[in-house]
Amino acid sequence: MENTKTLAQNKKARHDYFIIDTIECGIELFGTEVKSVRMGKVNIADSYASVDNGEVFVKGMNISPYEHGNIFNRDPLRNRKLLMHKSEIRRLIGQVKQDGYSLIPLSVYLKGSRVKLALGICKGKKLYDKRADLQDRDAKRSMSRAFKEQNSR
């Protein structure tokens, strides 16, 4: 098993969406972007992915310019192509065409020496779903706290 190191996570996505499925894909990056990503200067909080002409692109992903990159630095917010097999892209197109489904980047990580992105097929949560999740989390927290107190006696 190759070692992985998480560089950025989209915690807001887990709060705002139900994650139906996740897919691992590569990102087409330039050299200075890879160096910047390895330093952890990547933000995927407000990013999303879309399928355009049979190719998948991530939009709104911010990779800060590399300090020593001078003329080789690219636009930090440019659209970046995701590297996937055609069969995976066809499956994505079928799932995204369903009502309310969207492609949201969940995390950026290093797998070996390569930069990978975990892409989630997500369905948006309503406000009452978010409230229910908060109530469940609070209930679990209070139960574990009570259980800890009971065991410490």
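Residues numbered from 1 in each chain as written. Predicted model: local features only at pLDDT ≥ 70, side-chain atom pairs only at ≥ 80, totals over all residues. Heavy atoms only, no water.

Positionally, Lys59 belongs in strand β5 (residues 55-59). On the basis of relative accessible area, Lys59 is assigned to the buried category, the value being 16%. Engagement of the side chain of Lys59 in a polar contact is seen with the side chain of Ser50, the distance being 3.1 Å. (Helix = DSSP H or I, 4+ residues; strand = E, 2+ residues; numbered from the N terminus. Buried < 20%, exposed > 50% of the residue type's maximum accessible area, 1.4 Å probe, protein only. Polar contact = N/O pair within 3.5 Å; in protein donor to acceptor, adjacent residues only side chain to side chain.)

A few words on the pattern of salt bridges. Following the criterion strictly, the structure yields 8 salt bridges and no others. Residue Lys12 is joined to Asp46 by a salt bridge in which the shortest nitrogen-to-oxygen separation is 4.0 Å. Of the two residues, Lys12 sits in helix α1 (residues 11-16) while Asp46 sits in the loop between β3 (42-43) and β4 (48-52), which places them 34 residues apart along the sequence. Residue Arg80 pairs with Glu33 through a salt bridge whose shortest N-O separation is 3.1 Å. (Salt bridge = Lys/Arg side-chain N within 4 Å of Asp/Glu carboxyl O.)

Quick look at the environment of Arg78 now. With respect to the secondary-structure elements, Arg78 resides in the loop between β6 (62-63) and β7 (80-83). Between the alpha carbons of Arg78 and Cys122 there is a distance of 23 Å; along the sequence they are 44 residues apart. Apart from residues no more than four positions distant in its own chain, Arg78 is found in contact with Glu28, Leu29, Phe30, Glu33 and Val58. Within the structure, Arg78 has its side chain in polar contact with the side chain of Glu33 (distance 2.7 Å). (Contact = heavy atoms within 4.5 Å.)

Its identity as a non-glycine residue notwithstanding, Asn53 has a phi of 55 degrees, on the positive side. If you trace the backbone, Asn53 turns up in the loop between β4 and β5. Of the residues examined, Asn53 reaches a relative accessible area of 81% and is grouped as exposed.

Honestly, that's just the spatial picture; any functional story needs more than this.
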